[in-house]
Amino acid sequence: MIETVFTPFQSLGGGSLIGLASVLLMATLCRVMGAKGILAGLMQPANFCDWSWRAAVMVGMITGPIAVLLIAGQFPAVQVPASKTMPSSAALLWASA
Amino acid sequence: MRILISYPIGLIFGVGISISGMANPAKVLNFFDVAGTWDPSLGFIMGCALIVTFIGYRYVLKRPAPYLSTGLQLPTRRDLDLHLIGGSAVFGVGWGIAGFRPGGVPPAIGTFRTEVLIFVAALLSGIVAYKLLQTAIANRAQAHA
């Protein structure tokens, strides 16, 4: 396995932001913050209004690391211990299902 | 108006995932590798997110209506069925193999890594396949009825 550094303070801060985002989404649009649900609804939207808020949340999520890059000067680490064939074989399996 | 609100919410989520280390599969998998390269960070992320959500939801759900929406979109079912338990189990296996989960992936897309893009393609195919299967089963049930 790839060794990673224990980051209690970053993880506590990041965890609070994740919690804050889900509370804000519940307070404003009364939706549960679940990426898969938001993504699934994005592919089969009920109407444009429903699609647009999902798309905006997704774009916000994707631009998160870019914001971190601008503030901290580097991208958050993404280290993948599984081989490239693992996710791609899963992709083929799912696609052929 | 909804977009103006939902973009920063997604951004806060994405920054949270990025800072916490949850977009990093190695860090996620190391949480479970207690005997090896153990990294307890994930416990801190989940614990903190859970506490904030628990307190925040209690306050928010006391309000008569959300700020920008009229209808309630809360899950109402309280029973545990085969779908929920089976789905959670499959989710866990997938998370354990790859270290990626749907929540951690959109922020990881922003780093433009090949593995992440492959995972997203797989995830989208999986969602489409499930929808097609669900429709096929519903159609068959209707034909038999």
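Counting of residues starts from 1 at the beginning of each chain's written sequence and follows it residue by residue. Starting at A for chains and at 1 for ligands, labels are handed out in the order in which the entities are written. Where totals are concerned, whole chains, interfaces and linings use all residues; where local detail is concerned, this predicted model gives features only for residues with pLDDT of at least 70, and gives and counts side-chain atom pairs only at 80 or more. Side-chain figures throughout are based on the complete set of non-hydrogen atoms in the structure, without hydrogens or water.

## Quick look at the overall build of chain B
- The helix and strand tally for chain B stands at 6 helices and 0 strands.
- Secondary structure elements in chain B, listed N-terminal to C-terminal, are α-α-α-α-α-α.
- The contacts in chain B between residues at least 6 apart in sequence include a share of 46% that link residues at least 24 apart.
- Counting only carbon and sulfur atoms, one obtains 71% of the accessible surface of chain B, whose full area is about 8500 Å². Strands here mean DSSP runs of E at least two residues long; helices mean DSSP runs of H or I at least four residues long; both are numbered from the N terminus. Should any heavy atoms of two residues lie within 4.5 Å, those residues are considered in contact. Note on areas: these come from Shrake-Rupley sampling with a 1.4 Å probe, and a residue is covered only by the protein chains present in the view.

## Here we look at the interface of chain A and chain B
- Listed by partner, the interface residues are 70 residues for chain A and 73 residues for chain B.
- Using a 1.4 Å probe, buried area is obtained as the accessible area two parts lose upon being combined, added over both of them. Here chain A meets chain B over a buried area of about 6400 Å², counting both sides, of which 78% is carbon and sulfur.
- In protein, a polar contact means a hydrogen-donor-capable atom and an acceptor-capable atom, both N or O and within 3.5 Å, with residues adjacent in sequence counting only if both atoms are side-chain atoms; elsewhere, any N or O pair within 3.5 Å suffices. In this assembly, chain A and chain B are joined by 14 residue pairs in polar contact (both at pLDDT 80 or more).
- Contributing elements (two or more residues each) for the side of chain A that touches chain B: helix H1 (8-28), helix H2 (35-43), helix H3 (48-72) and helix H4 (85-96) of chain A.

## Structural notes on the nonpolar core
- Only buried residues count toward a nonpolar core. Its members are Ala, Val, Leu, Ile, Met, Phe, Trp, Tyr and Cys residues joined through side-chain atoms within 4.5 Å. Only protein chains enter the area calculation, which uses a 1.4 Å probe; residues under 20% of their type maximum are buried, those over 50% are exposed, and those in between are partly exposed. Leu25 and Met33 of chain A together with Phe100 and Val116 of chain B are the most contacted members of the largest nonpolar core, which totals 37 residues.
- Every element with two or more residues in this core is listed here: H1, H2 and H3 of chain A together with helix H1 (2-20), helix H3 (41-60), helix H4 (82-98), helix H5 (105-109) and helix H6 (114-144) of chain B.
- If we skip the residues at most four places from it in the chain, Phe100 of chain B touches Val78 and Val80 of chain A together with Ala23, Pro25, Gly94, Trp95, Val105, Ala108, Glu115, Val116 and Phe119 of chain B.
- Within the second largest apolar cluster, 6 residues are counted, among which are Met26 and Ala27 of chain A together with Tyr57 and Val60 of chain B.

## A look at the packing of H3 of chain A against H1 of chain B
- Helix axes use the C-alpha atoms of the stretch in contact, all axes being lines fitted to C-alpha atoms, and the angles between their N-to-C directions lie in the range 0 to 180 degrees. Where H3 of chain A meets H1 of chain B, the closest approach of the two axes is 6 Å, and the angle between their N-to-C directions is 35°. Here H3 of chain A runs over H1 of chain B; the crossing is right-handed.
- A breakdown of the residues in the contact of H3 of chain A with H1 of chain B according to their chemical character gives 15 nonpolar, 8 polar and 1 charged. Helix crossings are classified by the rotation of the near helix relative to the far one: an anticlockwise turn of less than a right angle makes the crossing left-handed, while a clockwise turn makes it right-handed. Each residue receives one of three labels: charged for Asp, Glu, Lys and Arg, nonpolar for Ala, Val, Leu, Ile, Met, Phe, Trp, Tyr, Cys and Pro, and polar for the others, Gly being one of them.

## Some points on H4 of chain B
- Here the expected length of a helix is defined as 1.5 Å per residue gap, with one fewer gap than residues. Here H4 of chain B contains 17 residues, and its C-alpha end-to-end distance of 24 Å stays within 8% of the 24 Å for a straight helix at 1.5 Å per residue.
- A positive backbone phi angle near 80° is found at Gly99 of chain B, which sits one or two residues after H4 of chain B.

## Observations concerning the layout of surface pockets
- Cavity and pocket criteria rest on a 1 Å grid covering protein atoms alone: a 1.4 Å probe that fits but cannot get out defines a cavity, protein on both sides within 12 Å along at least 5 of 7 lines defines an open pocket, and an atom within 4 Å of a point defines a lining residue. Grid points are joined across faces, edges and corners, and a volume is the space filled by probe spheres set on the points. Within this model, the second largest pocket holds a volume of roughly 440 Å³.
- Together, 20 residues line the second largest pocket, and Gln74, Pro76 and Ala77 of chain A together with Ser18 and Ile19 of chain B are the ones closest to its centre.
- Elements with a minimum of two residues in the lining of the second largest pocket: H3 of chain A together with H1 of chain B.
- Considering each element in turn, the lining of the second largest pocket owes the most residues, 4 residues, to H1 of chain B.
- Among the residues making up the lining of the second largest pocket, the classes are represented as 9 nonpolar, 9 polar and 2 charged.

## A short note on the packing of H1 of chain A against H3 of chain B
- Packing of H1 of chain A against H3 of chain B brings their axes to within 7 Å, and their N-to-C directions diverge by 30°. Judged by the angle between their axes, H1 of chain A and H3 of chain B are roughly parallel. Considering only the axes of H1 of chain A and H3 of chain B, their crossing is right-handed. Contacts between H1 of chain A and H3 of chain B involve Pro8, Ser11, Leu12, Gly15, Ser16, Ile18, Gly19, Leu20, Ser22, Val23, Met26 and Ala27 of chain A on the former and, on the latter, Ser41, Phe44, Ile45, Cys48, Ala49, Val52, Thr53, Gly56, Tyr57 and Val60 of chain B.
- Class assignment of the residues belonging to the contact of H1 of chain A with H3 of chain B gives a composition of 14 nonpolar, 8 polar and no charged. For classification purposes, angles smaller than 35 degrees are called roughly parallel, those larger than 145 roughly antiparallel, those between 65 and 115 roughly perpendicular, and all remaining angles oblique.

## Topic: unusual backbone geometry
- Phi angles above zero are rare outside glycine, and Cys30 of chain A is one such case at about 55°.
- Among the structural elements, Cys30 of chain A can be located in the loop between H1 and H2.
- Residues other than glycine seldom take positive phi values, yet Phe112 of chain B does so here, at roughly 60°.
- Checked against the element boundaries, Phe112 of chain B lands in the loop between H5 and H6.

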